[in-house]
Amino acid sequence: MEGTSVQRLLVVSSLLICSTNQARLTVSPSRSQMFEGDSVSLSCEEDDSSAGWRLRRNTTKQTRAECGAEWGKSSGSSCIISFIFPLDSGVYWCESREGATSNIISITVTGGSVILQSPVLPVMEGHDVTLHCKTKTPSNLPAAFYKDGSLIRTEATGHMTIHHVTKSDEGLYKCNIGSDGESPPSWITVTEKPTTPGPTPTPTSCSSSSPSSSSTDTTSHPPFPVRKVVCVSGLVVLVLLVSVVLLVNLYLWRKSKGNHLPVSMVMTPPTQAEQGLDDDDDDVTTEHHF
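Residues numbered from 1 in each chain as written. Predicted model: local features only at pLDDT ≥ 70, side-chain atom pairs only at ≥ 80, totals over all residues. Heavy atoms only, no water.

- An unreviewed UniProt entry annotates the chain as Sialoadhesin of Lates calcarifer.

So, in structure tokens, the structure goes:
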């Protein structure tokens, strides 16, 4: 009975060890720059639909503004901006009722005719990155690409590929098409590639991803730069629950022992011979000689 109770508590405590609220923000079309008038859809890909994820943003005019209330049209955990304006430029993220947050996406909206199509999410070291210099009307005009204000090179096709990116490739990029103009700048983040697999989490520990953490495939499973993980200490829960079981078992054991006196304490009635001997002792008189 005692072993069964402890085993049940071990199972319960293992389920209470760590609970996480996670979501990943995606944007369609998948790029960080938009033309004024584009239709944009943002979605919270959530692990826990009961967490009540909502889209929020910070712009030059708004702070932590929620989709549906102050901007966009809300549809569950998604938000649609049917006609985007330059004032919609800012940072967007998903947030749960408990305050957990997703990755952050930066969106720039331009009223010009040229944008730089660059990764909207961080890129892992060793991957290839292709930048497209796009105009409102599809074309393959020559484009010049810049990093941190310095010319990298000019591509006749209008797109440039950076092979096997490293941390040194991180920076502010823009492009220019002579006949149409220049795009706004966009920051490209490069995350370090893990050298060895991380340790397998133990049942009594909780872990959260850091801004530099990422998965092996940044296209289908991008890293989460911002994530708030709500954890409950499994070790404390386990110790408390086991302590309660031990105390209850100790109480029940003492109670059961109290109903059965030890053998040394049991009193047996005297035999008839012993009773007679006691009576004779009462009749004995002591004679004193002086």
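**What to know about the environment of D148**
Here's step 1: Following the sequence through the fold, D148 ends up in the loop between β13 (143-147) and β14 (150-155).
Here's step 2: Once residues lying within four places of it in the same chain are set aside, the contact partners of D148 are E170, G171 and L172.
Here's step 3: Within the structure, D148 has its side chain in polar contact with the side chain of K147 (distance 3.1 Å). (Helix = DSSP H or I, 4+ residues; strand = E, 2+ residues; numbered from the N terminus. Contact = heavy atoms within 4.5 Å. Polar contact = N/O pair within 3.5 Å; in protein donor to acceptor, adjacent residues only side chain to side chain.)

**Here we look at the side chain of R24**
Here's step 1: Looking at where R24 falls in the secondary structure, it is placed in strand β1 (residues 23-28).
Here's step 2: A relative accessible area of 15% places R24 in the buried class.
Here's step 3: Within polar-contact distance, the side chain of R24 engages the side chain of E45 at 2.5 Å. (Buried < 20%, exposed > 50% of the residue type's maximum accessible area, 1.4 Å probe, protein only.)

**Observations regarding the side chain of S32**
Here's step 1: Structurally, the position occupied by S32 is in the loop between β1 and β2 (33-35).
Here's step 2: A polar side-chain atom of S32 sits 3.2 Å from a polar atom in the side chain of S118.
Here's step 3: What S32 contacts, discounting residues up to four positions off in sequence, is S106, I107, T108, S118, V120 and S186.

**Observations regarding the pattern of salt bridges**
Here's step 1: Taken as a whole and judged by the stated rule, the model has 10 salt bridges.
Here's step 2: Here R64 ties to E95 by a salt bridge, and the two come within 2.4 Å at their closest N and O atoms. Residue R64 is found in the loop between β4 (54-59) and β5 (65-66), and its partner E95 is found in strand β8 (residues 90-95); the two are separated by 31 residues along the sequence.
Here's step 3: Relative accessible area serves as the criterion here: at 38%, R64 is assigned to the partly exposed category. (Salt bridge = Lys/Arg side-chain N within 4 Å of Asp/Glu carboxyl O.)

**Considering a nonpolar patch on the surface**
Here's step 1: Nonpolar side chains collect at one region of the surface, where F83, F85 and L87 lie side by side and expose about 310 Å² of accessible area between them.
Here's step 2: Residue position: F85 is located in the loop between β7 (78-81) and β8. (Patch = residues over 30% accessible without salt bridge, like charges linked within 9 Å, V, L, I, M, F, W, Y side chains within 5 Å. Areas by Shrake-Rupley, 256 points an atom, 1.4 Å probe, with all protein chains shown as cover.)

**Details of the packing of aromatic side chains**
Here's step 1: Under the counting rule described, the total for this entry stands at two aromatic pairs.
Here's step 2: Note on W71 and Y92: the rings are 5.3 Å apart at their centroids and 80 degrees apart in plane angle, and the pair reads as edge-to-face. Residue W71 is located in the loop between β5 and β6 (73-75), and its partner Y92 is located in strand β8; the two are separated by 21 residues in the primary sequence.
Here's step 3: Note on W71: relative accessible area 6%, which makes it buried.
Here's step 4: Judged by relative accessible area, which is 0%, Y92 ranks as buried.
Here's step 5: When the centroid spacing of 4.9 Å and the interplanar angle of 45 degrees are considered together, the rings of F83 and F85 count as tilted.
Here's step 6: Over the ring of Y146 we find K174; its NZ or CZ atom is 5.7 Å from the centre of that ring. (Phe/Tyr/Trp six-rings, centres within 6.5 Å; stacked < 30°, edge-to-face > 60°. Lys NZ or Arg CZ within 6 Å of the ring centre and 35° of its normal.)

**Remarks on the nonpolar core**
Here's step 1: Counting 24 residues, the largest nonpolar core has V27, L42, L55, W71 and I107 as the members making the most contacts within it.
Here's step 2: Mapped by element, the contributors of at least two residues to this core are β1, β3 (40-46), β7, β8 and β9 (105-110).
Here's step 3: Ignoring sequence-local partners within four residues, the contact set of W71 consists of L42, L55, R56, R57, Q62, A65, E66, C79, I81 and Y92. (Core = buried A, V, L, I, M, F, W, Y, C linked by side-chain atoms within 4.5 Å.)

**Brief notes about the sheet that holds strand β15 (residues 159-162)**
Here's step 1: Sheet architecture is open: three strands sit in the order β10-β12-β15, paired in antiparallel fashion. The open sheet has two edge strands with one neighbour each: β10 (114-117) and β15. Averaged over all adjacent pairs, the angle separating strand axes in this sheet is 15 degrees, with direction ignored.
Here's step 2: In this structure, β10 lies alongside strand β12 (residues 129-135), joined through four bridges in antiparallel fashion. Considered in β12, the bridge of Q117 is made with H132. (Pairing = 2+ DSSP bridges. Axes fitted to C-alpha atoms, helices over the stretch in contact; angles between N-to-C directions.)

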